[in-house]
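Analysis of the macromolecular model
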Amino acid sequence: MKKLLAFLKKDFLQESSYRWPLVFGIFGVLMTTLIYYFIDRLFGERVAGPLEDLGVSYFGYVLVGLAFFSYVGFGLGSFSDQIQREQTQGTLEALLVTPTGLTVILLSMGIWNFLIATLDLLIYAGLGLFLFHIDFSRTNVPSLLVIWTLSVSSFSALGILSASFTLIYKRGNPVSWVLSQAEGLLGGVYFPIAVLPAWLQFLAHFLPITYAIRALQKAVYQGTSLAGLKAELLPLLAFCIILLPASFAVFNRAVQKARRDGTLAQY
Amino acid sequence: MADSRFVVAKGITKRFMPLRSLHEVVGRFLDRPSPVTALDDVSFSAERGCLIGLLGPNGAGKTTLLKVLATLLLPDQGRVHIAGRSPEDDPVFIKKNIGLVTCQERSFFWRLTGRENLTFFAALYGLDGPAARKRLDRLLDDFKVDDPDKRFDACSSGTRQKFSFIRGLLHDPPLLLLDEPFANLDAPTRRFLKDLLKKHLVAQQKKTVLLATHEIAEHAPLCDRFLCLKEGRLCLDATAESLRRTHRLDPAAGIQDLLINILESPGTTP
């Protein structure tokens, strides 16, 4: 825990030494939200059909999707980004030579980005509630917490897999591409997957974000309880059970390979 | 009888496959590149409280050997034991027992102050609270660091190198691995750090120091013993006294020229 706090303090000191990223991060969230708000005003009614089940406007749908996608995307990308950053800064070997476990180093590296992503998430929610008057009153909080836990776990596992790839191949990361591009297209972030052709809908079932987004929309707009979310939560749980231990095993193997090849510090 | 050897390296061999770009892989996919031998069957041992010069020209394998000892690199063959344990069996124990000092300024966080950097690394070595602050203040005082609260990127090369030494000593390790620690330093800072190393860390605190350098003429007088590496092979393992005896040199005579001759002559005589 003390080591984790040391990473957090170090990252805070490092990030706060720059003047503008936090301000422009908040500004970016506002701009993105406004873009989808005006798209909704122009086309919203045309996509209302597939959203009837949820009983929500397109803007309400996309706001939750965007907030969640940005959260897990930022959070899970952080492992890979941090590894790359430590490699390019030249600090990775200095960290690895300390008697700190690999898992602790890896998780600690991501903690700052998770906090920033949480701040973004709260800004999305605040904008939705106070500026755009989205109705979150039916939200089922226990369901939300379970979805959050399962999602963060399974997406962190994907993030760790992505970091393992970065450690070995440095750039051109296919896991990162799947996470940022394929999940955005197929996972129901920007539109319900019902609008996709059948074969793309089939592929969407292999991505954890599809289940996470669907569960989230139901929990937020319909107040669906845990029992009602079984179809979404069980696959998410399965992703966690498979991906978490696999990701740590792969990361350990990646570090061993980099130690064998002498490429730990290369980028 | 207990083994007095604090560091034991036996038959360390390390070969690297040259990294190939996509262009090289596609263009010459039938050609298998030959591995480059960085270390070839290197064996040595070291007792507590001695300063060993790991000498050799650029590319001789000095840094590779230090990285193997520091657990950053896995050897293809051979074993390392530090205080009776190997990195494979107990990496945390090994890391607690070694301090790595390099001339890589980039191994620090440049936008943090020197003190903030060292406090962070102290936490990774398990030091925190008043004990960490006391240890850090003591080391900053020993190394005569004037302004530890200046941002690292605003510090001089000499101060940055002092921070590197302090980081390696935060957890008071019995074994120090130094990789060209005096590179890019002015003469007074070099003299100060060399004195501190020899008189304070080795003579008083009985630390074992492995000093890798290619600047043989300048650093040989500092060392009690020499390991000379040439093209990855150990070509000499001798103390200053035994060299003088073997080559019938005056006890007061410098042995730098002799070491340079050995490294420049063909053949190996471990």
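The rules behind these values
Residues numbered from 1 in each chain as written. Chains lettered and ligands numbered in written order. Predicted model: local features only at pLDDT ≥ 70, side-chain atom pairs only at ≥ 80, totals over all residues. Helix = DSSP H or I, 4+ residues; strand = E, 2+ residues; numbered from the N terminus. Rg over C-alpha atoms; globule rule 2.2 N^0.38 Å. Buried ≥ 20, exposed ≤ 12 C-beta atoms within 10 Å, placed from the backbone. Contact = placed C-beta atoms within 7 Å. Nonpolar A, V, L, I, M, F, W, Y, C, P; charged D, E, K, R; others polar. Pairing = 2+ DSSP bridges. Axes fitted to C-alpha atoms, helices over the stretch in contact; angles between N-to-C directions. Expected span 1.5 Å × (residues − 1). Left-handed = near helix turned anticlockwise from the far one by under 90°.

This paragraph deals with the overall build of chain B. Looking only at helices and strands, chain B features ten helices and nine strands. Taking 2.2 N^0.38 as the reference for a compact globule, 270 residues should give roughly 18 Å; the C-alpha atoms of chain B span a radius of gyration of 20 Å, in line with that estimate. Across the 270 residues in chain B, those meeting the buried criterion constitute 44%. Of the contacts formed within chain B by residues at least 6 apart in sequence, a portion of 76% connects residues at least 24 apart.

This part takes up the overall build of chain A. Counting its regular elements, chain A contains eleven helices and zero strands. From first element to last, N terminus to C terminus, chain A shows the α and β order α-α-α-α-α-α-α-α-α-α-α. Taking 2.2 N^0.38 as the reference for a compact globule, 267 residues should give roughly 18 Å; the C-alpha atoms of chain A span a radius of gyration of 19 Å, in line with that estimate. Taken over 267 residues, chain A has a buried fraction of 40%. Within chain A, counting contacts between residues at least 6 apart in sequence, those at least 24 apart form 79% of the total.

Attention now goes to the interface of chain A and chain B. Facing 23 residues of chain A, the contacting portion of chain B comprises 23 residues. Looking at the side of chain A that touches chain B, the elements with two or more residues in it are helix 1 (2–16), helix 5 (92–96) and helix 11 (230–261) of chain A. Its residues placed into classes, the side of chain A that touches chain B shows eight nonpolar, nine polar and six charged.

Turning to the sheet that holds strand 5 (residues 98–102) of chain B, a few remarks are in order. Residue and element names in this part refer to chain B. An order of 5-6-7-3-8-9 is seen for the six strands of this open sheet, with the pairing classed as mixed. Two strands close off the open sheet at either side, each with one partner strand: strand 5 and strand 9 (233–239). In this sheet, neighbouring strand axes are inclined to one another by 15 degrees on average, regardless of whether the strands run parallel or antiparallel.

A few words on helix 7 (residues 141–169) of chain A. Compared with an ideal rise of 1.5 Å per residue, which puts 29 residues at 42 Å, helix 7 of chain A spans 41 Å between its outermost C-alpha atoms and is within 8% of the ideal. Lys170 of chain A sits one or two positions beyond helix 7 of chain A and adopts a positive phi of about 70 degrees.

Before going further, it helps to examine the pairing of strand 7 (residues 208–213) of chain B. All names here are of chain B. Among the six residues of strand 7, six are classified as buried, and the element is accordingly described as predominantly covered. Burial along strand 7 is two-sided: the face carrying Thr208, Leu210 and Ala212 and the face carrying Val209, Leu211 and Thr213 are both buried. Where strand 3 (residues 51–55) meets strand 7, five bridges bridge the pair, whose relative direction is parallel. Bridging across to strand 7, Leu51 finds its partner in Val209. Bridge count between strand 6 (residues 175–179) and strand 7: five bridges; the pairing is parallel. Bridging across to strand 7, Leu177 finds its partner in Leu210.

This paragraph deals with helix 6 (residues 157–169) of chain B. Residue and element names in this part refer to chain B. For helix 6, which comprises 13 residues, the first-to-last C-alpha distance of 19 Å matches the rise-based estimate of 18 Å (1.5 Å per residue) to within 8%. Within helix 6, burial applies to Thr159, Arg160, Gln161, Lys162, Phe163, Ser164, Phe165, Ile166, Arg167, Gly168 and Leu169. Residues of helix 6 that are buried in the fold lie against strand 5, helix 4 (114–124), helix 5 (129–142), strand 6 and helix 7 (187–204).

Residue and element names in this part refer to chain B. The phi dihedral of Asp41 is positive, around 55 degrees, even though this residue is not glycine. Its location among the elements puts Asp41 in strand 2 (residues 36–46). Residue Asp41 is classed as partly exposed on the basis of its C-beta count, with 15 C-beta atoms lying within 10 Å. Located in the positive-phi region is Glu180, a residue other than glycine, with phi close to 45 degrees. Here Glu180 lies in the loop between strand 6 and helix 7.

Residues and elements named next belong to chain B. When you line up the elements, Leu176 lands in strand 6. According to the C-beta neighbour criterion, Leu176 is buried, with 23 such atoms within 10 Å. Expressed as a C-alpha distance, the spacing of Leu176 and Val101, which sit 75 residues apart in the sequence, is 7.5 Å.

Sheet strands line up and pair through hydrogen bonds in the backbone, either parallel or antiparallel. All names here are of chain B. Overall, antiparallel pairing links the three strands, which are arranged 2-1-4 in an open sheet. Two strands close off the open sheet at either side, each with one partner strand: strand 2 and strand 4 (77–82). Mean inter-strand twist for the sheet, computed between neighbouring axes without regard to direction, equals 20 degrees. Strand direction decides the pairing type here: strand 1 (residues 7–16) and strand 2, joined by seven bridges, are antiparallel. Across the sheet, the residue bridging to Val8 is Ser45, located in strand 2.

All names here are of chain A. Packing of helix 10 (residues 208–222) against helix 11 leaves a shortest axis separation of 9 Å and a crossing angle of 145 degrees. The interaxial crossing formed by helix 10 with helix 11 has left-handed handedness. Residues Pro208, Tyr211, Ala212, Arg214 and Ala215 of helix 10 form the contact with helix 11, whose participating residues are Glu232, Leu233, Pro235, Leu236 and Phe239.

With that out of the way, let us pick up the environment of Ile147 of chain A. All names here are of chain A. Residue placement: Ile147 occurs in helix 7. Sequence spacing of Ile147 and Ser162 is 15 residues, and the spatial spacing of their C-alpha atoms is 22 Å. Not counting the four nearest positions on each side in its chain, Ile147 is found in contact with Ala212, Ala215, Leu216 and Ala219.

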